[in-house]
Amino acid sequence: MDEQLGTIKVKLRNISKSFYSRKEVFEAVDNISIDVYENEFLVLLGPGQCGKTVLLNMISGLESPTEGTVQFTDNNATDVGFVFQKTAVFPWKTVMENVELPLELKKEDKTERRKRAQYLIDLVGLNGFENSLPKQLSGGMKQRVGIARAYANNPQVLLMDEPFGALDAQTRYQMEEEVLRIWEQEKRTVIFVTNNIEEAVYLADRVIVLSSCPAKVKEIYNIKLQRPRDYVNQDFLRLREAIEKNTDLAL
Ligand SMILES: Nc1ncnc2c1ncn2[C@@H]1O[C@H](COP(=O)(O)OP(=O)(O)OP(=O)(O)O)[C@@H](O)[C@H]1O
Ligand SMILES: [Mg+2]
(Lines give C-alpha, C1' and ligand atoms only; values in the text may rest on other atoms or scores of the structure.)
(Ligands and ions follow the chains in the order given, each with its own letter.)
Protein backbone atom coordinates (compact mmCIF):
# COMPACT_ATOMS: atom_id res chain seq x y z
CA MET A 1 0.00 0.00 0.00
CA ASP A 2 1.26 3.41 -0.97
CA GLU A 3 0.51 6.04 1.70
CA GLN A 4 -0.56 8.62 -0.83
CA LEU A 5 -2.11 6.55 -3.56
CA GLY A 6 -4.01 3.95 -1.54
CA THR A 7 -4.73 0.30 -2.14
CA ILE A 8 -3.47 -1.42 -5.26
CA LYS A 9 -6.31 -2.70 -7.43
CA VAL A 10 -4.47 -4.08 -10.45
CA LYS A 11 -0.84 -5.10 -10.70
CA LEU A 12 0.88 -5.32 -14.07
CA ARG A 13 4.23 -7.01 -13.81
CA ASN A 14 6.78 -7.11 -16.63
CA ILE A 15 4.13 -7.26 -19.32
CA SER A 16 5.35 -7.77 -22.88
CA LYS A 17 3.43 -8.60 -26.00
CA SER A 18 4.79 -9.78 -29.33
CA PHE A 19 2.88 -10.78 -32.44
CA TYR A 20 4.34 -13.56 -34.53
CA SER A 21 3.82 -13.87 -38.23
CA ARG A 22 5.54 -16.29 -40.57
CA LYS A 23 8.15 -13.71 -41.51
CA GLU A 24 8.75 -11.67 -38.38
CA VAL A 25 8.18 -10.94 -34.75
CA PHE A 26 6.49 -7.66 -33.96
CA GLU A 27 6.93 -6.30 -30.47
CA ALA A 28 3.98 -4.11 -29.36
CA VAL A 29 4.50 -3.82 -25.59
CA ASP A 30 7.84 -4.03 -23.85
CA ASN A 31 8.21 -4.91 -20.19
CA ILE A 32 5.59 -2.68 -18.57
CA SER A 33 5.03 -2.77 -14.81
CA ILE A 34 2.29 -0.57 -13.38
CA ASP A 35 0.34 -0.53 -10.11
CA VAL A 36 -3.19 0.80 -10.51
CA TYR A 37 -4.76 2.17 -7.33
CA GLU A 38 -8.31 1.82 -6.12
CA ASN A 39 -10.60 4.58 -7.42
CA GLU A 40 -7.82 6.50 -9.12
CA PHE A 41 -8.27 8.08 -12.52
CA LEU A 42 -5.23 6.79 -14.36
CA VAL A 43 -4.47 8.04 -17.85
CA LEU A 44 -2.17 6.18 -20.22
CA LEU A 45 -0.84 8.74 -22.69
CA GLY A 46 0.96 7.56 -25.78
CA PRO A 47 1.38 8.19 -29.51
CA GLY A 48 -0.68 6.46 -32.22
CA GLN A 49 -0.01 2.78 -32.78
CA CYS A 50 2.23 2.58 -29.73
CA GLY A 51 0.44 -0.39 -28.22
CA LYS A 52 -2.20 1.28 -26.03
CA THR A 53 -5.13 -0.86 -27.15
CA VAL A 54 -3.03 -4.01 -26.92
CA LEU A 55 -2.16 -3.06 -23.33
CA LEU A 56 -5.82 -2.48 -22.40
CA ASN A 57 -6.78 -5.76 -24.06
CA MET A 58 -4.29 -7.54 -21.83
CA ILE A 59 -5.66 -5.83 -18.72
CA SER A 60 -9.18 -6.87 -19.73
CA GLY A 61 -8.13 -10.42 -20.48
CA LEU A 62 -9.11 -10.17 -24.16
CA GLU A 63 -5.48 -10.91 -25.01
CA SER A 64 -2.84 -12.62 -22.94
CA PRO A 65 0.65 -11.23 -22.50
CA THR A 66 3.60 -12.98 -24.12
CA GLU A 67 5.43 -12.41 -20.87
CA GLY A 68 4.45 -11.05 -17.46
CA THR A 69 1.29 -11.07 -15.38
CA VAL A 70 -1.86 -9.05 -14.82
CA GLN A 71 -3.25 -9.50 -11.35
CA PHE A 72 -6.50 -8.16 -9.91
CA THR A 73 -5.73 -7.98 -6.23
CA ASP A 74 -9.27 -8.32 -4.82
CA ASN A 75 -10.24 -11.77 -5.96
CA ASN A 76 -7.86 -12.22 -8.84
CA ALA A 77 -10.82 -12.30 -11.21
CA THR A 78 -10.92 -9.89 -14.09
CA ASP A 79 -13.78 -7.53 -13.47
CA VAL A 80 -13.75 -4.77 -16.03
CA GLY A 81 -16.05 -2.61 -18.09
CA PHE A 82 -14.68 -1.60 -21.47
CA VAL A 83 -15.49 1.55 -23.45
CA PHE A 84 -14.10 0.79 -26.88
CA GLN A 85 -12.15 3.06 -29.19
CA LYS A 86 -14.73 2.70 -31.92
CA THR A 87 -18.29 3.16 -30.81
CA ALA A 88 -19.52 -0.35 -30.30
CA VAL A 89 -23.25 -0.02 -29.95
CA PHE A 90 -25.64 -2.39 -31.67
CA PRO A 91 -27.40 -0.34 -34.36
CA TRP A 92 -30.61 -2.38 -34.26
CA LYS A 93 -31.02 -2.07 -30.50
CA THR A 94 -32.43 0.97 -28.72
CA VAL A 95 -30.45 2.91 -26.11
CA MET A 96 -32.23 0.99 -23.34
CA GLU A 97 -31.58 -2.39 -24.98
CA ASN A 98 -27.91 -1.56 -25.54
CA VAL A 99 -27.39 -0.59 -21.90
CA GLU A 100 -29.37 -3.58 -20.65
CA LEU A 101 -27.47 -6.08 -22.76
CA PRO A 102 -24.69 -7.04 -20.29
CA LEU A 103 -27.34 -7.62 -17.63
CA GLU A 104 -29.48 -9.65 -20.00
CA LEU A 105 -26.46 -11.81 -20.79
CA LYS A 106 -26.07 -12.37 -17.05
CA LYS A 107 -29.72 -13.44 -16.97
CA GLU A 108 -30.58 -10.75 -14.50
CA ASP A 109 -34.21 -10.29 -13.59
CA LYS A 110 -36.03 -8.05 -16.07
CA THR A 111 -37.33 -5.51 -13.56
CA GLU A 112 -33.95 -5.23 -11.87
CA ARG A 113 -32.03 -4.79 -15.09
CA ARG A 114 -34.45 -2.18 -16.36
CA LYS A 115 -34.02 -0.27 -13.11
CA ARG A 116 -30.22 -0.39 -13.29
CA ALA A 117 -30.21 0.56 -16.99
CA GLN A 118 -32.55 3.49 -16.38
CA TYR A 119 -30.32 4.72 -13.55
CA LEU A 120 -27.29 4.58 -15.86
CA ILE A 121 -29.10 6.23 -18.76
CA ASP A 122 -30.01 9.08 -16.41
CA LEU A 123 -26.45 9.16 -15.07
CA VAL A 124 -24.93 9.67 -18.51
CA GLY A 125 -27.53 12.29 -19.43
CA LEU A 126 -29.56 10.29 -21.97
CA ASN A 127 -32.88 10.56 -20.21
CA GLY A 128 -35.61 10.78 -22.83
CA PHE A 129 -33.62 8.81 -25.42
CA GLU A 130 -34.30 5.33 -24.04
CA ASN A 131 -36.19 4.25 -27.14
CA SER A 132 -33.94 5.93 -29.71
CA LEU A 133 -31.81 3.91 -32.09
CA PRO A 134 -28.08 4.70 -32.39
CA LYS A 135 -28.55 6.21 -35.86
CA GLN A 136 -30.72 8.88 -34.25
CA LEU A 137 -27.91 9.88 -31.87
CA SER A 138 -24.84 12.11 -32.25
CA GLY A 139 -21.30 10.72 -31.81
CA GLY A 140 -21.10 12.04 -28.25
CA MET A 141 -24.43 10.48 -27.35
CA LYS A 142 -23.35 7.12 -28.75
CA GLN A 143 -20.26 7.25 -26.56
CA ARG A 144 -22.53 7.95 -23.58
CA VAL A 145 -24.38 4.73 -24.40
CA GLY A 146 -21.00 2.95 -24.45
CA ILE A 147 -20.13 4.41 -21.04
CA ALA A 148 -23.49 3.45 -19.53
CA ARG A 149 -23.12 -0.09 -20.86
CA ALA A 150 -19.61 -0.39 -19.47
CA TYR A 151 -20.99 0.52 -16.03
CA ALA A 152 -23.94 -1.89 -16.28
CA ASN A 153 -22.20 -4.88 -14.72
CA ASN A 154 -20.91 -2.77 -11.88
CA PRO A 155 -17.28 -3.49 -12.74
CA GLN A 156 -14.42 -2.83 -10.34
CA VAL A 157 -12.28 -1.32 -13.07
CA LEU A 158 -13.32 0.74 -16.06
CA LEU A 159 -11.15 0.69 -19.17
CA MET A 160 -11.68 3.52 -21.63
CA ASP A 161 -9.84 3.39 -24.95
CA GLU A 162 -9.65 6.88 -26.51
CA PRO A 163 -13.41 7.18 -26.10
CA PHE A 164 -13.54 10.78 -27.33
CA GLY A 165 -10.96 10.55 -30.11
CA ALA A 166 -13.54 10.80 -32.89
CA LEU A 167 -15.46 13.74 -31.42
CA ASP A 168 -15.13 17.41 -32.33
CA ALA A 169 -13.25 19.56 -29.79
CA GLN A 170 -16.35 21.13 -28.27
CA THR A 171 -18.10 17.81 -27.70
CA ARG A 172 -14.87 16.31 -26.38
CA TYR A 173 -14.57 19.01 -23.70
CA GLN A 174 -18.15 18.39 -22.74
CA MET A 175 -17.65 14.61 -22.54
CA GLU A 176 -14.50 15.03 -20.44
CA GLU A 177 -16.52 16.97 -17.90
CA GLU A 178 -19.25 14.36 -18.03
CA VAL A 179 -16.91 11.46 -17.48
CA LEU A 180 -15.47 13.19 -14.38
CA ARG A 181 -18.96 13.88 -13.06
CA ILE A 182 -19.91 10.22 -13.52
CA TRP A 183 -16.66 9.11 -11.90
CA GLU A 184 -17.33 11.37 -8.88
CA GLN A 185 -20.78 9.87 -8.54
CA GLU A 186 -19.94 6.21 -9.24
CA LYS A 187 -16.37 5.97 -7.95
CA ARG A 188 -14.37 3.38 -9.83
CA THR A 189 -10.81 2.66 -10.78
CA VAL A 190 -10.52 4.12 -14.27
CA ILE A 191 -7.80 3.41 -16.81
CA PHE A 192 -8.26 5.90 -19.63
CA VAL A 193 -6.19 5.85 -22.81
CA THR A 194 -5.51 8.93 -24.92
CA ASN A 195 -2.98 10.49 -27.25
CA ASN A 196 -4.09 13.97 -26.22
CA ILE A 197 -1.92 15.69 -23.59
CA GLU A 198 -4.50 18.33 -22.68
CA GLU A 199 -7.12 15.65 -22.14
CA ALA A 200 -4.70 13.66 -19.98
CA VAL A 201 -3.89 16.62 -17.71
CA TYR A 202 -7.55 17.60 -17.48
CA LEU A 203 -8.72 14.17 -16.36
CA ALA A 204 -5.98 12.34 -14.54
CA ASP A 205 -4.90 11.74 -10.98
CA ARG A 206 -1.84 10.19 -12.61
CA VAL A 207 -0.55 10.27 -16.17
CA ILE A 208 1.69 7.45 -17.35
CA VAL A 209 3.50 8.48 -20.51
CA LEU A 210 4.19 5.63 -22.92
CA SER A 211 6.91 5.61 -25.56
CA SER A 212 6.34 4.93 -29.23
CA CYS A 213 6.11 1.29 -30.28
CA PRO A 214 6.92 -0.97 -28.52
CA ALA A 215 5.19 0.76 -25.62
CA LYS A 216 7.34 1.24 -22.53
CA VAL A 217 6.72 3.43 -19.48
CA LYS A 218 8.54 6.67 -20.12
CA GLU A 219 7.48 8.83 -17.21
CA ILE A 220 4.83 9.06 -14.49
CA TYR A 221 3.22 12.34 -13.42
CA ASN A 222 1.06 12.81 -10.33
CA ILE A 223 -1.41 15.55 -11.23
CA LYS A 224 -2.27 17.46 -8.09
CA LEU A 225 -4.26 20.28 -9.71
CA GLN A 226 -7.63 20.85 -8.10
CA ARG A 227 -10.79 19.94 -9.95
CA PRO A 228 -12.58 21.37 -11.84
CA ARG A 229 -9.44 22.16 -13.79
CA ASP A 230 -8.93 25.06 -16.10
CA TYR A 231 -7.24 24.50 -19.46
CA VAL A 232 -5.68 27.97 -19.44
CA ASN A 233 -4.55 28.06 -15.81
CA GLN A 234 -0.77 28.72 -15.51
CA ASP A 235 -0.04 25.51 -13.57
CA PHE A 236 -2.09 23.52 -16.06
CA LEU A 237 -0.18 24.97 -18.99
CA ARG A 238 3.20 24.44 -17.30
CA LEU A 239 2.41 20.80 -16.66
CA ARG A 240 1.12 20.33 -20.17
CA GLU A 241 4.32 21.80 -21.56
CA ALA A 242 6.53 19.65 -19.32
CA ILE A 243 4.75 16.50 -20.52
CA GLU A 244 4.85 17.69 -24.11
CA LYS A 245 8.64 17.92 -23.96
CA ASN A 246 8.80 14.42 -22.65
CA THR A 247 6.64 12.48 -25.10
CA ASP A 248 7.06 10.86 -28.47
CA LEU A 249 3.82 12.47 -29.59
CA ALA A 250 4.07 14.28 -32.86
CA LEU A 251 2.33 17.59 -32.19
N1 LIG B 1 -3.36 -9.02 -33.48
C2 LIG B 1 -2.32 -8.33 -33.95
N3 LIG B 1 -1.43 -8.89 -34.78
C4 LIG B 1 -0.35 -8.21 -35.23
N5 LIG B 1 -0.08 -6.93 -34.90
C6 LIG B 1 -0.93 -6.31 -34.07
C7 LIG B 1 -2.10 -6.96 -33.55
N8 LIG B 1 -2.74 -6.10 -32.73
C9 LIG B 1 -2.03 -4.96 -32.77
N10 LIG B 1 -0.93 -5.09 -33.55
C11 LIG B 1 0.07 -4.05 -33.81
O12 LIG B 1 0.55 -3.55 -32.57
C13 LIG B 1 0.78 -2.14 -32.66
C14 LIG B 1 0.05 -1.45 -31.55
O15 LIG B 1 -1.33 -1.54 -31.79
P16 LIG B 1 -2.42 -0.82 -30.87
O17 LIG B 1 -3.73 -1.02 -31.51
O18 LIG B 1 -2.25 -1.27 -29.47
O19 LIG B 1 -1.96 0.70 -30.98
P20 LIG B 1 -2.64 1.97 -30.31
O21 LIG B 1 -1.60 2.64 -29.49
O22 LIG B 1 -3.91 1.57 -29.66
O23 LIG B 1 -2.92 2.85 -31.59
P24 LIG B 1 -4.09 3.95 -31.85
O25 LIG B 1 -3.66 5.18 -31.12
O26 LIG B 1 -4.08 4.14 -33.32
O27 LIG B 1 -5.36 3.39 -31.34
C28 LIG B 1 0.33 -1.71 -34.06
O29 LIG B 1 1.45 -1.55 -34.88
C30 LIG B 1 -0.53 -2.86 -34.52
O31 LIG B 1 -0.45 -3.01 -35.92
MG1 LIG C 1 -5.87 2.04 -29.94
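Rules behind the numbers
Residues numbered from 1 in each chain as written. Chains lettered and ligands numbered in written order. Predicted model: local features only at pLDDT ≥ 70, side-chain atom pairs only at ≥ 80, totals over all residues. Heavy atoms only, no water. Pairing = 2+ DSSP bridges. Helix = DSSP H or I, 4+ residues; strand = E, 2+ residues; numbered from the N terminus. Axes fitted to C-alpha atoms, helices over the stretch in contact; angles between N-to-C directions. Contact = heavy atoms within 4.5 Å. Parallel < 35°, antiparallel > 145°, perpendicular 65-115°, else oblique. Left-handed = near helix turned anticlockwise from the far one by under 90°. Nonpolar A, V, L, I, M, F, W, Y, C, P; charged D, E, K, R; others polar. Domains from an automatic or database assignment. Buried area = accessible area lost by both parts, 1.4 Å probe. Salt bridge = Lys/Arg side-chain N within 4 Å of Asp/Glu carboxyl O. Polar contact = N/O pair within 3.5 Å; in protein donor to acceptor, adjacent residues only side chain to side chain. Core = buried A, V, L, I, M, F, W, Y, C linked by side-chain atoms within 4.5 Å. Buried < 20%, exposed > 50% of the residue type's maximum accessible area, 1.4 Å probe, protein only. Donors = N, O, S within 2.8 Å, 3.2 Å for Na, K, Ca; no water.

Caption draft 1: Layout of the sheet that holds strand β8 (residues 206-210). Strand order in the open sheet made by the six strands is β5-β6-β7-β3-β8-β9, with mixed pairing throughout. Strand pairing shows two members of the sheet lacking a second neighbour, β5 (80-83) and β9 (217-222), which therefore form its edges. On average, adjacent strands in this sheet sit at an angle of 15 degrees to one another, irrespective of strand direction. Judged from the five bridges that link them, strand β3 (residues 41-45) and strand β7 (residues 189-194) form a sheet pairing that is parallel. Note on β7: the bridge partner recorded for Val43 is Phe192. This element, helix α1 (residues 52-60), spans β3, β5, β6 (157-161), β7 and β8 of the sheet and lies at about 160 degrees to β6.

Caption draft 2: Representation of the environment of Asn196 within the structure. In this fold, Asn196 is placed in the loop between β7 and α6 (197-203). The sequence separation of Asn196 and Gly61 amounts to 135 residues, and the corresponding C-alpha distance is 25 Å. The contact partners of Asn196, leaving out residues within four places of it in the chain, are Leu45 and Arg172.

Caption draft 3: The arrangement of the packing of helix α2 (residues 95-105) against helix α4 (residues 139-152) in detail. Two numbers describe how α2 lies on α4: the axes approach to 7 Å, and their chain directions differ by 25 degrees. Judged by the angle between their axes, α2 and α4 are roughly parallel. For the element pair α2 and α4, the recorded crossing hand is right-handed. Side by side, α2 and α4 meet where Val95, Asn98, Val99, Pro102 and Leu103 of the first sit next to Val145, Ala148, Arg149 and Ala152 of the second. Here the contact of α2 with α4 is built from residues that sort into seven nonpolar, one polar and one charged.

Caption draft 4: Broad picture of the domain arrangement of the protein chain. According to the domain assignment, the protein chain contains domain 1 (1-79 + 159-251) and domain 2 (90-155). Between domain 1 and domain 2, the C-alpha centre-to-centre distance is 25 Å. At the interface, 16 residues of domain 1 touch 13 residues of domain 2. Roughly 1,300 Å² of surface becomes buried between domain 1 and domain 2 when both sides are summed, with 57% attributable to carbon and sulfur atoms. Of all residues in domain 1, the largest losses of buried area upon contact with domain 2 belong to Ile182, Glu186 and Arg188, amounting jointly to 40% of the total for that side. The tally of links from domain 1 across to domain 2 stands at two salt bridges. The salt bridge involving Glu178 is made with Arg144; its shortest N-O contact spans 3.0 Å. The interface formed by domain 1 and domain 2 includes six residue pairs in polar contact (both at pLDDT 80 or more). In terms of residue count, the dominant contributor to the side of domain 1 that touches domain 2 is helix α5 (residues 169-185) (nine residues). Of the residues that constitute the side of domain 1 that touches domain 2, the class distribution is eight nonpolar, three polar and five charged.

Caption draft 5: Representation of the nonpolar core within the structure. Within the largest apolar cluster, 49 residues are counted, with the highest numbers of intra-cluster contacts made by Phe41, Leu45, Ile147, Met160, Phe192, Leu203 and Val207. Broken down by element, the residue count for this core peaks at seven residues, all from α4. Residues from two domains meet in this core; each of domain 1 (1-79 + 159-251) and domain 2 (90-155) gives at least three. The contact partners of Phe192, leaving out residues within four places of it in the chain, are Phe41, Leu42, Val43, Leu44, Met160, Pro163, Phe164, Glu199 and Leu203. In this structure, Ala28, Ile32, Phe72 and Leu159 belong to the second largest nonpolar core, which totals 25 residues.

Caption draft 6: Geometry of the sheet that holds strand β1 (residues 8-20). The sheet built from three strands is open, its strands ordered β2-β1-β4 with antiparallel pairing. Strand pairing shows two members of the sheet lacking a second neighbour, β2 (25-37) and β4 (67-72), which therefore form its edges. With direction set aside, neighbouring strand axes in the sheet form an average angle of 15 degrees. Pairing of β1 with β2 involves nine bridges; the strand directions are antiparallel. Within the sheet, the bridge partner assigned to Leu12 lies in β2 and is Ile34. Sheet strands in contact with α1 are β1, β2 and β4, and its direction is about 125 degrees off that of β1.

Caption draft 7: Representation of the coordination of the magnesium ion (ligand 2). Around the magnesium ion (ligand 2), the protein supplies Thr53 (OG1) and Gln85 (OE1) as donor atoms, at distances of 2.0 to 2.3 Å. Within this pair, whereas Thr53 is found in helix α1, its partner Gln85 is found in the loop between β5 and α2, the two being separated by 32 residues in sequence. For Gln85, a relative accessible area of 37% puts it in the partly exposed group.

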